[in-house]
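Chain by chain, the residues:
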Amino acid sequence: QVQLAESGGGLVQAGGSLRLSCVASGRAFGLTTIGWFRKAPGKEREFVAAISWGGSSPLYADSVKGRFTISRDNAKNTVYLQMNSLKPEDTAVYYCAAELGTYTTSSSQLSYDYWGQGTQVTVSS
């Protein structure tokens, strides 16, 4: 069993930055891929970024490439999502999710076994 807790959301002006954190608890953090997804009002939940246990070759959605950076600190059981140059269309509830027992990253929600409760990010124009 894995519990995930997101934090760091808030209200920011367009062009600003936020850093989201996802803290995992309940089992060893090793061999766990963490993904970030988001759901905007009236839209389906979509993939944002993912990082494997080793941290190499992170995966990003085209809409956030060059603006968002995903990283992890395995000693702290924490994954971060640094979001720069935020746009109003980035407004959404952001969720982190864990896929256990894998070295790879996935953009498919079906791959993930556990989900956090989400944190709201609002970008004003």
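Quantities reported herein were computed from a predicted structural model and do not represent experimental measurements.

When you go through the protein chain residue by residue, the secondary structure sums to 0 helices and 11 strands. From first element to last, N terminus to C terminus, the protein chain shows the α and β order β-β-β-β-β-β-β-β-β-β-β. Since a compact globule built from 125 residues should have a radius of gyration of about 14 Å, the 13 Å found for the protein chain is in line with a globular shape. With the C-alpha coordinates aligned to their principal axes, the bounding extent of the protein chain is approximately 40 × 25 × 25 Å. Looking at the protein chain residue by residue over its 125 residues, the buried ones come to 43%. Partitioning the intrachain contacts of the protein chain with sequence separation of at least 6 by distance along the chain shows that 60% fall at a separation of at least 24. When the accessible surface of the protein chain is summed, it comes to about 6,200 Å², and 49% of that surface belongs to carbon and sulfur atoms. Within the protein chain, the 9 negative side-chain charges are centred at a point lying 4 Å from the centre of the 11 positive side-chain charges.

Let us now look at the state of the cysteines. Under the criterion given, the structure shown has 1 disulfide. Here Cys 22 pairs with Cys 96 through a disulfide, and the sulfurs are 2.1 Å apart. Residues Cys 22 and Cys 96 are joined through a disulfide that is right-handed, its torsion about the S-S bond being 70 degrees. Remark: Cys 96 occurs in strand β9 (residues 92-100) and Cys 22 occurs in strand β3 (residues 18-25); sequence separation between them is 74 residues. A relative accessible area of 1% means that Cys 22 is categorised as buried. Assessed through its relative accessible area of 0%, Cys 96 is described here as buried.

Strands in a sheet are paired, the pairing made by backbone hydrogen bonds, and the direction either parallel or antiparallel. Spatially, the 4 strands line up as an open sheet ordered β1-β3-β8-β7, and their pairing is antiparallel. Looking at the sheet topology across the chains shown, the edges are occupied by β1 (3-7) and β7 (68-73). Going across the sheet, the axis of each strand differs from the next one's by a mean of 15 degrees, ignoring polarity. Two elements, β7 and strand β8 (residues 78-83), share 6 bridges in a ladder whose sense is antiparallel. Paired with Thr 69 across the two strands is Gln 82, which belongs to β8.

Calculation rules
Residues numbered from 1 in each chain as written. Predicted model: local features only at pLDDT ≥ 70, side-chain atom pairs only at ≥ 80, totals over all residues. Heavy atoms only, no water. Helix = DSSP H or I, 4+ residues; strand = E, 2+ residues; numbered from the N terminus. Rg over C-alpha atoms; globule rule 2.2 N^0.38 Å. Buried < 20%, exposed > 50% of the residue type's maximum accessible area, 1.4 Å probe, protein only. Contact = heavy atoms within 4.5 Å. Areas by Shrake-Rupley, 256 points an atom, 1.4 Å probe, with all protein chains shown as cover. Lys, Arg positive; Asp, Glu negative; His and termini not counted. Charge placed at Lys NZ, Arg CZ, Asp CG, Glu CD. Disulfide = S-S within 2.5 Å. Pairing = 2+ DSSP bridges. Axes fitted to C-alpha atoms, helices over the stretch in contact; angles between N-to-C directions.

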